[in-house]
Amino acid sequence: MRPDLFQAPDYYLLDELLSDEHKMVRDAAREWVKREVSPIIEDYAQKAEFPKQIINGLAEIGAFGPYIPEEYGGAGLDQISYGLIMQEIERGDSGVRSTASVQSSLVMYPIWKYGNEEQRMKYLPKLASGEFIGCFGLTEPDYGSNPGGMVTNFKDKGDHYLLNGAKMWISNAPFADIAVVWAKDESGRIHGLVVERGMEGFTTPETHNKWSLRASATGELIFDNVKVPKENLLPNKSGLGAPLGCLDSARYGIAWGAIGAAMDCYDTALRYAKERIQFDKPIAATQLQQKKLAEMITEITKAQLLTWRLGVLRNEGKATTAQISMAKRNNVDMAINIAREARQILGGMGITGEYSIMRHMMNLESVITYEGTHDIHLLITGMDITGHAAFK
């Protein structure tokens, strides 16, 4: 892959809305991605392998639980800092960002918010440092957009719970040390349990033959009469709202991350258009290529403003699930369209591993589907504005 020459677009001077700490956090993540991710990511995507050697670096830039309080090993940063870190990591690769956002929003967040103090102290510092990697078990083979229909369940056996079921499409599963698993009790109520690698009957087969998120490890979680200690149940929230609260945090991170992928595609296409000569002039001097590039920077700028405002609302505790949903849907759709247009600007070169665009495009096909499909997010907005649920 070519050297990483990325220059971030900031058409509306959004840097002026960021604090010095925000810019310091973002710039540290940006430099780390240029130094540690960009030189290797194409090779790992081609091999369909996650580069485990970057885990310590992700921890060092604060990518694991950046908003988790320092007393539990987190960085104690605000929501805009979290978003900016996700933006910069996804600028490198969506799969790497998936590893970080699962660890932060889907593993550390529920332990922090729904766990007790003993659970927080046991797991969060090791997750923040990267010593432990976690995964999140919600989606099942027959229940994706309708997670409330899950069949994974546990029974009270006196001194332990007995867990049975299966989860699929689980990022980090093949090498995760712990899994936050959502399952129904004997009354049908959904609870979160922390399942640890090594518990008898717990296996994590890897999912192969993916054309998307190839540098991310994806797998299944299989529970065959797994004995889970009672102290591993998250006590402070139950019901479907518990895992959905985690998804709010993760979808917020995705809204920022998708901007990173879009910025990388735009920056690559702009540079190529200025350098590529056809008919004795750069293709950037032609109307059709300018149309593509002008629309790209417009959509990126709109997404930046949308997401910055959402970050302010998150910091103030005012952001709603529906507002987060809108940003996830809008920004991922924006990014995938920009990836496709950028690929066209590069012509045949756009499909090669010499440039990042085709990898981003394939990755975004997963991002537009996971943690709420594009269509489901449209229906969330529709329900919010009309008061009528149209999911079925």
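Residues numbered from 1 in each chain as written. Predicted model: local features only at pLDDT ≥ 70, side-chain atom pairs only at ≥ 80, totals over all residues. Heavy atoms only, no water.

What to know about the overall build of the protein chain
Point 1. Along the protein chain, the regular secondary structure elements total 10 helices and nine strands.
Point 2. Taken against the 2.2 N^0.38 rule, which gives 21 Å for 392 residues, the C-alpha radius of gyration of the protein chain at 21 Å falls within 12% of a compact globule.
Point 3. Its C-alpha atoms put the protein chain at 80 × 45 × 40 Å along the principal axes.
Point 4. Sorting the 392 residues of the protein chain into buried and exposed places 56% on the buried side.
Point 5. Within the protein chain, contacts between residues at least 6 apart in sequence are counted, and of these 75% link residues at least 24 apart. (Helix = DSSP H or I, 4+ residues; strand = E, 2+ residues; numbered from the N terminus. Rg over C-alpha atoms; globule rule 2.2 N^0.38 Å. Buried < 20%, exposed > 50% of the residue type's maximum accessible area, 1.4 Å probe, protein only. Contact = heavy atoms within 4.5 Å.)

Some details on the UniProt feature "domain: Acyl-CoA dehydrogenase/oxidase C-terminal" (unreviewed entry) in the protein chain
Point 1. In this structure's numbering, the residues bearing the UniProt feature "domain: Acyl-CoA dehydrogenase/oxidase C-terminal" (unreviewed entry) are residues 238-383.
Point 2. A distance of 23 Å separates the end C-alpha atoms of residues 238-383, which is 75% helix and 3% strand. (UniProt positions renumbered as here; feature names shortened; annotations may be inferred.)

Section: the pattern of salt bridges
Point 1. Overall, the coordinates contain 20 salt bridges when judged by the stated rule.
Point 2. The residue E88 makes a salt bridge to R30 at a minimum N-O spacing of 2.8 Å. With E88 in helix α3 (residues 79-92) and R30 in helix α1 (residues 20-47), this residue pair connects regions lying 58 residues apart in the sequence. An identical accessibility class is assigned to E88 and R30; each is buried.
Point 3. Of the charged contacts, one joins E295 and K291 as a salt bridge, the two residues approaching to 3.0 Å between their closest N and O atoms. (Salt bridge = Lys/Arg side-chain N within 4 Å of Asp/Glu carboxyl O.)

Details of the environment of R2
Point 1. The topology assignment puts R2 in the segment before α1.
Point 2. Owing to a relative accessible area of 42%, R2 belongs among the partly exposed residues under this scheme.
Point 3. Between the alpha carbons of R2 and R197 there is a distance of 39 Å; along the sequence they are 195 residues apart.
Point 4. R2 has contacts with E354 and Y355, leaving out every residue within four places of it along the chain.

Section: the packing of α3 against helix α6 (residues 241-275)
Point 1. Put simply, α3 and α6 touch, their axes get as near as 7 Å, and they point 45° apart. As judged from the angle between their axes, α3 and α6 are oblique. Note that α3 runs across α6; the crossing there is right-handed. Along the contact surface, α3 presents Q79, I80, Y82, G83, L84, M86, Q87, E88, E90 and R91, while α6 presents S249, A250, Y252, G253, W256, G257, A258, I259, G260, A261, M263 and D264.
Point 2. Residues of the contact of α3 with α6, tallied by class, amount to 11 nonpolar, seven polar and four charged. (Axes fitted to C-alpha atoms, helices over the stretch in contact; angles between N-to-C directions. Parallel < 35°, antiparallel > 145°, perpendicular 65-115°, else oblique. Left-handed = near helix turned anticlockwise from the far one by under 90°. Nonpolar A, V, L, I, M, F, W, Y, C, P; charged D, E, K, R; others polar.)

Side note on the UniProt feature "domain: Acyl-CoA oxidase/dehydrogenase middle" (unreviewed entry) in the protein chain
Point 1. What UniProt calls "domain: Acyl-CoA oxidase/dehydrogenase middle" (unreviewed entry) maps, in this numbering, to residues 135-226.
Point 2. In this annotation, residues 135-226 is assigned 0% helix and 48% strand; the end-to-end C-alpha distance for the span is 17 Å.

Focus: the side chain of R329
Point 1. Within the fold, R329 resides in helix α8 (residues 321-345).
Point 2. Of the side chains with opposite charge, D333 comes closest to the buried, unpaired R329, at an N-O distance of 6.4 Å.
Point 3. Those residues within four positions of R329 in sequence are excluded, and the remaining contacts are H374, H377, L378 and T381. (Lys, Arg positive; Asp, Glu negative; His and termini not counted.)

What about helix α4 (residues 94-114)?
In an α-helix, one turn spans 3.6 residues; hence positions three or four apart end up facing the same way.
Point 1. Where α4 bends most, at M108, the angle is about 35°, and the proline P110 comes one to four residues later.
Point 2. Counting buried positions along α4 yields 20 of 21 residues, so the element is predominantly enclosed.
Point 3. Here α4 starts with a cap whose side-chain oxygen sits 2.8 Å from the backbone nitrogen of G95, and that cap is D93. (Bend = angle between axes of the 7 residues up to and from the residue. Polar contact = N/O pair within 3.5 Å; in protein donor to acceptor, adjacent residues only side chain to side chain.)

Regarding the environment of T369
Point 1. By the secondary structure assignment, T369 is in the loop between α9 (357-367) and α10 (374-386).
Point 2. Owing to a relative accessible area of 44%, T369 belongs among the partly exposed residues under this scheme.
Point 3. Placed 37 residues apart in sequence, T369 and V332 show a C-alpha to C-alpha distance of 9.5 Å.

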